[in-house]
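Here are the chains, one letter per residue:
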Amino acid sequence: MPLALLALAVGAFGIGTTEFVMMGLLPDVADDLHVSIPTAGHLVSAYALGVVIGAPLLAAVTARMSRRKVLIGLMLLFIAGNTLSAFAPDYDWLLAARFLSGLPHGAFFGVGAVVATGLAAPERKARAVSLMFLGLTIANIAGVPVATLMGQHLGWRSTFLGVSVIGVLAVVSLALLVPHDGTHAPSAGLRGELAALRSLPVWLALGTTVAGFGALFAAYSYITPMLTDAAGYADSSVTLLLALFGVGATAGNLLGGRLADRSMRGTLFGGLLSLAAVLALFPLLMATEWSAPLAVILLGTASFVTSSPLLLMVMEKASSAPSLASSANQAAFNLANAGGAWIGGLALAAGFGVTSPAVAGAFLAVLGMGVAGVAYAVDRRRPAPARIVATHIPQPTEPLHH
């Protein structure tokens, strides 16, 4: 695997850190800016909104540009958003800065996935994507806990300055390791890119992402009360236990990349089935202190096994616009975050118990399998799509072809 994937992973690490660290800093931000914690929670929503809007928009408007330059530009926007967050004078400025920070998130992963698959051999495309996402999963193990501790001891503003430094390292890595490319969008331009999203298989693939990762977030959004109220852990133990989720996610991401190179659809169905089974067992696993950590690890593993095949499936179905399609998949991921948390909250509000969000998530995973099954049936009625989802990006030792 080429070293350029390391540069993509560094960028993914910074993005993953800034996305999830706000949840641990909400009390500190609320106290400093004199707002309530629920009001401070809108900072999380502002970032997610930036992802949903920025993912397809930035991927579409930069379609004709060199992907290397686009990745560097997106990380510069990421640095600007986090730097402005660090120096925000009040809540409204911070809200706007968080929205700005979210704008490059989806487009970076979308364009990065195209670059990653272009750098890898055809039989290693899923593995290449999983190595890029490795930065995101490792952020949940190391980046978020360290950044949270930094914010709690040095002030929350120091966290965003630290994330900005990671962004600078990503820019340097991208400039040094990602080769110059002559890859541009199809001649149809923006209209052609958008037309690729009108395909039913593309929307079925995106729907599978929403349902599959909605299953994850239905449970994960309420994992803290499950660990404290059901399993009996102290609040001080939750941070360490959540790091186990990152360990499971990292293992699942790497496993999914290897398996998807052998059978993309088989890995997808197997991952969703495993996720449904893990979530259905959550009420039992969360009943004791010894089995609860196992539940957290299995949740991370089962959910992230599907990340590479889902992304590759979306890119494959929109082969004429892979950057836009894979960016739209990131927007779908964030819709899954919001929708899954909402559905899990409904189960809690209905009085079904503290582990009921996980059971609701199991139903969403089954729904995801259903949508994936419909997509498979539609594919059986259509000509097989080309497996090439990105133009090969020459290594520095190869000649450029224009």
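Note that this is a predicted model, so its numbers are computed, not measured.

Enquirer: With reference to specific residues and values, describe the overall build of the chain.
Expert: Scanning the chain from N- to C-terminus turns up 17 helices and zero strands. Within the chain, buried positions represent 57% of all 402 residues. Here the contacts in the chain between residues at least 6 apart in sequence split such that 84% fall between residues at least 24 apart. Element-wise, carbon and sulfur atoms account for 70% of the exposed surface of the chain, whose accessible area totals about 16200 Å².

Enquirer: Help me get a handle on the packing of helix α1 (residues 4-33) against helix α4 (residues 67-86), residues and values and all.
Expert: α4 packs onto α1 with a crossing angle of 30° between their chain directions and a minimal axis gap of 12 Å. With respect to α4, the element α1 is oriented roughly parallel. You can see that α1 and α4 cross each other, and the crossing is left-handed. Side by side, α1 and α4 meet where Leu 8, Gly 11, Gly 14, Ile 15 and Thr 18 of the first sit next to Leu 71, Met 75, Phe 78 and Asn 82 of the second. Counted by class, the contact of α1 with α4 contains five nonpolar, four polar and no charged residues.

Enquirer: An account of α1 is needed here, citing residue identities and associated values.
Expert: Here α1 spans 40 Å end to end across 30 residues, near enough to the 44 Å set by a 1.5 Å rise per residue. A bend of about 65° at Leu 25 is the largest found in α1, and the proline Pro 27 appears one to four places after it. Among the 30 residues in α1, 21 count as buried, and that is most of the element. Taken from the residues just after α1, His 34 is the one with a positive phi, measuring 60°.

Enquirer: Talk me through the pattern of salt bridges; I want residue IDs and the actual numbers.
Expert: When the charged atoms of two side chains with opposite charge come close together, those side chains can pair. One pass over the full model with this rule turns up three salt bridges. Among the salt bridges present, the one from Arg 265 reaches Asp 379, with a minimum N-O distance of 2.5 Å. Of the two residues, Arg 265 is situated in helix α12 (residues 264-280) and Asp 379 in helix α17 (residues 356-380); the sequence distance between them amounts to 114 residues.

Enquirer: Got a sec to walk through the side chain of Thr 137? Specific residues and values, please.
Expert: You can see Thr 137 is positioned in helix α6 (residues 125-154). Not counting residues within four places of it along the chain, the set of residues in contact with Thr 137 comprises Gly 246, Ala 249, Thr 250, Asn 253 and Phe 304.

Enquirer: Explain the nonpolar core residue by residue, including any values.
Expert: The biggest cluster of nonpolar side chains holds 98 residues, and the ones touching the most others in it are Leu 8, Leu 174, Phe 282 and Met 286. Residues Val 21, Leu 25, Val 29 and Leu 33 belong to the second largest nonpolar core, which totals 16 residues.

Enquirer: Describe the packing of aromatic side chains, naming the residues involved and giving the relevant values.
Expert: Counted under the stated rule, the structure contains eight aromatic pairs. Centroid distance Phe 109 to Phe 133: 5.2 Å. Interplanar angle 5°. Geometry classified as stacked. Taken as a pair, Phe 109 in helix α5 (residues 91-119) and Phe 133 in helix α6 lie far apart in primary sequence, 24 residues in all. Chaining the aromatic ring pairs together yields one cluster made of Phe 213, Phe 217, Tyr 220, Phe 245, Phe 304 and Phe 333.

Enquirer: Provide a residue-level description of the side chain of Glu 19, including the pertinent values.
Expert: Looking at the element boundaries, Glu 19 is found in helix α1. Buried and unpaired, Glu 19 has no salt bridge, with Arg 98 as the nearest side chain of opposite charge at 7.9 Å. Apart from the residues lying within four places of it in its own chain, the contact partners of Glu 19 are Tyr 47, Arg 98, His 105, Leu 136 and Asn 334.

Enquirer: Give me the packing of helix α15 (residues 307-317) against helix α16 (residues 322-349): which residues, what numbers.
Expert: Running from N to C, α15 and α16 point in directions that differ by 140°, and their axes come no closer than 8 Å. Taken together, α15 and α16 sit at an angle that is classed as oblique. At the point where α15 passes α16, the crossing takes the right-handed sense. Of the residues in α16, those in contact with Leu 310, Leu 311, Val 314 and Met 315 of α15 are Pro 322, Ala 325, Ser 326 and Asn 329. Considering only residue class, the contact of α15 with α16 consists of six nonpolar, two polar and no charged.

Enquirer: Which residues make up unusual backbone geometry, and what are the values?
Expert: For residues that are not glycine, phi is negative in most cases, and the peptide bond is trans in most cases. Phi at His 34 is positive, roughly 60°, even though this residue is not glycine. Within the element layout of this structure, His 34 appears in the loop between α1 and α2 (37-40).

Enquirer: Account for a nonpolar patch on the surface, naming residues and giving values.
Expert: Taken together, the side chains of Leu 49, Ile 53, Leu 57 and Val 61 make up a nonpolar region of the molecular surface, amounting to roughly 350 Å² of accessible area. When its relative accessible area of 48% is taken as the criterion, Leu 57 is described as partly exposed.

Enquirer: So what's going on with the environment of Leu 299? Residues and values would help.
Expert: Turning to its location among the elements, Leu 299 is positioned in helix α14 (residues 292-304). Overall, Leu 299 belongs to the buried group, its relative accessible area being 0%. Between the alpha carbons of Leu 299 and Phe 245 there is a distance of 7.0 Å; along the sequence they are 54 residues apart. Leaving out residues up to four positions away in the same chain, Leu 299 has contacts with Leu 216, Tyr 220, Phe 245, Leu 275, Val 278, Leu 279 and Phe 282.

Enquirer: I'd love a proper account of the environment of Ala 358, names of residues and values included.
Expert: With respect to the helices, strands and loops of the structure, Ala 358 is situated in helix α17. Residue Ala 358 is classed as buried on the basis of its relative accessible area of 0%. Counting along the chain gives 137 residues from Ala 358 to Ser 221, while the straight-line C-alpha distance between them is 9.7 Å. Once you skip the residues sitting within four places of it in the chain, Ala 358 turns out to touch Ala 219, Met 226, Leu 279 and Phe 282.

Rules used throughout
- Counting restarts for each chain: residues are numbered from 1 in the order of the written sequence.
- Restriction of local features to residues with pLDDT of at least 70 applies here, the model being predicted, together with a cutoff of 80 or more for giving and counting side-chain atom pairs; totals for whole chains, interfaces and linings are based on all residues.
- For side-chain calculations, the full set of non-hydrogen atoms in the structure is used, while hydrogens and water are omitted.
- Strands here are runs of E lasting at least two residues and helices are runs of H or I lasting at least four, both read from the DSSP assignment and numbered beginning at the N terminus.
- Here's how the labels work: a residue is buried when its accessible area is under 20% of the maximum for its type, exposed when over 50%, partly exposed in between, all with a 1.4 Å probe on protein chains only.
- When checking whether two residues touch, look at their non-hydrogen atoms; a contact exists if any pair is within 4.5 Å.
- Each accessible area is a Shrake-Rupley result for a 1.4 Å probe, and residues are judged covered by the shown protein chains and nothing else.
- All axes here are fitted lines through C-alpha atoms, helices being fitted over the stretch that makes contact, and every angle between N-to-C directions spans 0 to 180 degrees.
- Orientation categories follow fixed angle ranges, with anything under 35 degrees roughly parallel, anything over 145 roughly antiparallel, 65 to 115 roughly perpendicular, and all other angles oblique.
- For a crossing to be left-handed, the near helix must be turned anticlockwise from the far one by less than a right angle; the clockwise case is right-handed.
- Only Asp, Glu, Lys and Arg are considered charged, only Ala, Val, Leu, Ile, Met, Phe, Trp, Tyr, Cys and Pro nonpolar, and every remaining residue, Gly among them, polar.
- Expected span of a helix, by definition, is 1.5 Å for each gap between consecutive residues, and there is one gap fewer than residues.
- At any given residue, the bend is defined as the angle formed between two axes, one fitted to the seven residues that end at that position and one fitted to the seven that begin there.
- Here, a salt bridge means any Lys or Arg side-chain nitrogen found within 4 Å of an Asp or Glu carboxyl oxygen.
- Take the buried residues of types Ala, Val, Leu, Ile, Met, Phe, Trp, Tyr and Cys, join any two whose side-chain atoms come within 4.5 Å, and each joined set is a nonpolar core.
- Here a pair means two rings of Phe, Tyr or Trp (six-membered ring of Trp) with centres within 6.5 Å. Their orientation is stacked below 30 degrees between planes, edge-to-face above 60, and tilted elsewhere.
- Positive charges are assigned to Lys and Arg, negative charges to Asp and Glu, while His and the chain termini are left out of the count.
- Within this analysis, patches are made of residues with over 30% relative accessible area and no salt bridge. Like charges are joined at 9 Å or less; nonpolar side chains (Val, Leu, Ile, Met, Phe, Trp, Tyr) at 5 Å or less.

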